[in-house]
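# Structural overview for review
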Amino acid sequence: MKHCFIALLLLITIPFAALCQEDVVDTALKPTLISKQFSFTEGASVDKHGNVFFTDQPNDKIWEYDINGKLSVFLDKAGRSNGMYFDKHGTLLTCADEHDELWLISPKKEIKVLLTNYQGHRLNGPNDVWIDNKDGIYFTDPYYQRPYWDRTTSDMKGQYVFYLPKGKNEPVLVADDLQQPNGIVGTPDGKYLYVADIKANKTYKYAIGKDGLLSDKQLVINHGSDGMTLDEKGNIYLTGNGVTVYNPEGKRIAHIAIPEKWTANLCFAGKSKDILFITASEAVYTIQMKVKGVE
């Protein structure tokens, strides 16, 4: 009787798990290699038309992959940009790692340095960024020693998450209890913020207050991440060893294997925002999804 119950449980569980994955992506599909000509790709971000912009950080370039499949250099000398995000006006916000700044880059490639420090202290190195529906900016600021820096230690006591309200020039420290915050993304309704603590290998969910401050920290997933994104069903996409997808409750529902050493970032691309664009080490990939992105 016990063996029959276990067999029945397996019959119920396995199709359900497969159904969850099939709801997100066709398991028969493999990611398509778009190009492998880079040193290290990062910062995947999509504009309102579905064009993707990403960085080749060691080579200090921002590339564009448009909706027609054309790949081109958007900007040379990009401040060693890392994480990026488009605001509602079509301006590209970048974590300019060369001098630990936040940059705004207009469609005409005009650069404005938005932020350079916190209370007179040099930032660790802005890494990933998300813009809320009030044009406020959340960004992670871990410390990763860069070979092109003129320093070898941090000016800060820790590694933090900051919020820069619209129109302000001084960020607010909103999370100081993470070991090494990295990936960050918020929900479209502006109610919640996900932050990956890559060193602790955990991803947390915070409630966002009206003033932009964070509260009610909850451990959602025992898995850290580099870049992050969300789909229309609230599923959470984490990177590192390929792409792993979790539902809003933190249950793993899918994994997309990527044949590279490290998967750093991702976003939903294309006219319908249903193509997952993935930056992975020296390459970039795409895969058709059954869900759409919300960024």
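Before going into details, it helps to say that this report is about the structure given with it. (Residues numbered from 1 in each chain as written. Predicted model: local features only at pLDDT ≥ 70, side-chain atom pairs only at ≥ 80, totals over all residues. Heavy atoms only, no water.)

## A short note on the overall build of the chain
Looking only at helices and strands, one finds one helix and 26 strands in the chain. In summary, the chain has a C-alpha radius of gyration of 19 Å against a globular reference of 19 Å for 295 residues, a match within 12%. Projected onto its principal axes, the C-alpha positions of the chain cover 70 × 45 × 35 Å. Within the chain, the proportion of its 295 residues that are buried is 56%. Here the contacts in the chain between residues at least 6 apart in sequence split such that 47% fall between residues at least 24 apart. Counting every atom, the chain has about 13,800 Å² of accessible surface; 53% of that belongs to carbon and sulfur. Across the chain, the 33 positively charged side chains and the 37 negatively charged ones have centroids separated by 2 Å. (Helix = DSSP H or I, 4+ residues; strand = E, 2+ residues; numbered from the N terminus. Rg over C-alpha atoms; globule rule 2.2 N^0.38 Å. Buried < 20%, exposed > 50% of the residue type's maximum accessible area, 1.4 Å probe, protein only. Contact = heavy atoms within 4.5 Å. Areas by Shrake-Rupley, 256 points an atom, 1.4 Å probe, with all protein chains shown as cover. Lys, Arg positive; Asp, Glu negative; His and termini not counted. Charge placed at Lys NZ, Arg CZ, Asp CG, Glu CD.)

## Overview of the environment of histidine 121
Considering the arrangement of structural elements, one finds histidine 121 in strand β11 (residues 121-122). Judged by relative accessible area, which is 39%, histidine 121 ranks as partly exposed. Sequence separation of histidine 121 and serine 154 is 33 residues, and the distance between their C-alpha atoms is 9.2 Å.

## Some words on the sheet that holds strand β21 (residues 236-240)
If you trace the four strands from one edge of the open sheet to the other, you get β20-β21-β22-β23, paired in antiparallel fashion. In the strand order of this sheet, the two ends are held by β20 (228-230) and β23 (252-256), each with one partner. Averaged over all pairs of adjacent strands, the angle between their axes in this sheet comes to 20°, without regard to strand direction. In terms of strand pairing, strand β22 (residues 242-246) meets β23 through four bridges, oriented antiparallel. Note on β23: the bridge partner recorded for valine 245 is alanine 254. (Pairing = 2+ DSSP bridges. Axes fitted to C-alpha atoms, helices over the stretch in contact; angles between N-to-C directions.)

## Section: the layout of surface pockets
By volume, the largest pocket amounts to about 700 Å³. Surrounding the largest pocket, 38 residues form its lining, Val46, Tyr85, Phe86, Asp87 and Glu295 being those nearest its centre. Broken down by element, the lining of the largest pocket gets its largest block of residues, four residues, from strand β2 (residues 41-46). Partitioning the lining of the largest pocket into residue classes produces 19 nonpolar, 10 polar and nine charged. By volume, the second largest pocket is sized at about 300 Å³. Lining of the second largest pocket is provided by 15 residues; of these, Leu104, Leu114, Asp135, Ile137 and Gly167 occupy positions nearest its centre. Along the lines of polarity and charge, the residues of the lining of the second largest pocket split into eight nonpolar, two polar and five charged. (1 Å grid on protein atoms, 1.4 Å probe; cavity = no way out; pocket = protein on both sides within 12 Å on 5 of 7 lines; lining within 4 Å. Points joined across faces, edges and corners; volume = space filled by probe spheres on them. Nonpolar A, V, L, I, M, F, W, Y, C, P; charged D, E, K, R; others polar.)

## Considerations on the sheet that holds strand β9 (residues 111-115)
Ordered in space as β6-β7-β8-β9, the four strands form an open sheet in which the pairing is antiparallel. Looking at which strands have only one partner, the edges of the open sheet turn out to be β6 (81-86) and β9. If you compare each strand with its neighbour and ignore which way they point, the axes differ by 30° on average. Relative to strand β8 (residues 101-105), strand β7 (residues 92-96) runs antiparallel, the two being bridged by five bridges. In the sheet register, threonine 94 faces β8, and the bridge partner there is tryptophan 103.

## As for unusual backbone geometry
We note that aspartate 60 has phi near 55°; this positive angle belongs to a residue other than glycine. Taking relative accessible area as the criterion, aspartate 60 reaches 10% and is therefore assigned buried. Phi is positive for arginine 80, which is not a glycine, with a value near 55°. Here arginine 80 lies in the loop between β5 (71-76) and β6.

## Considering the nonpolar core
The tendency in soluble globular proteins is for nonpolar side chains to be buried as a group. Core analysis: the biggest nonpolar cluster contains 40 residues, and Ile137, Tyr138, Phe139, Leu193, Leu214 and Ile236 have the highest contact counts within it. For this core, the element with the highest residue contribution is strand β14 (residues 160-164), accounting for five residues. The contact partners of leucine 193, leaving out residues within four places of it in the chain, are Trp130, Tyr138, Ile184, Val185, Gly186, Tyr204, Lys205, Tyr206, Ile208 and Leu214. Counting residues in each nonpolar core, the second largest holds 19 residues, with Val245, Ile256, Leu266 and Tyr285 among its members. (Core = buried A, V, L, I, M, F, W, Y, C linked by side-chain atoms within 4.5 Å.)

## Here we look at the side chain of lysine 273
On the secondary structure map, lysine 273 appears in the loop between β24 (265-269) and β25 (275-280). Buried charged residue lysine 273 carries no salt bridge. Nearest counter-charge: aspartate 47, at 6.4 Å. At 3.5 Å, the side chain of lysine 273 forms a polar contact with the backbone oxygen of glutamate 295. Discounting chain neighbours no more than four positions away, the residues touching lysine 273 are Val46, Asp47, Lys48, Gly50, Phe268, Val291, Lys292, Gly293 and Glu295. (Salt bridge = Lys/Arg side-chain N within 4 Å of Asp/Glu carboxyl O. Polar contact = N/O pair within 3.5 Å; in protein donor to acceptor, adjacent residues only side chain to side chain.)

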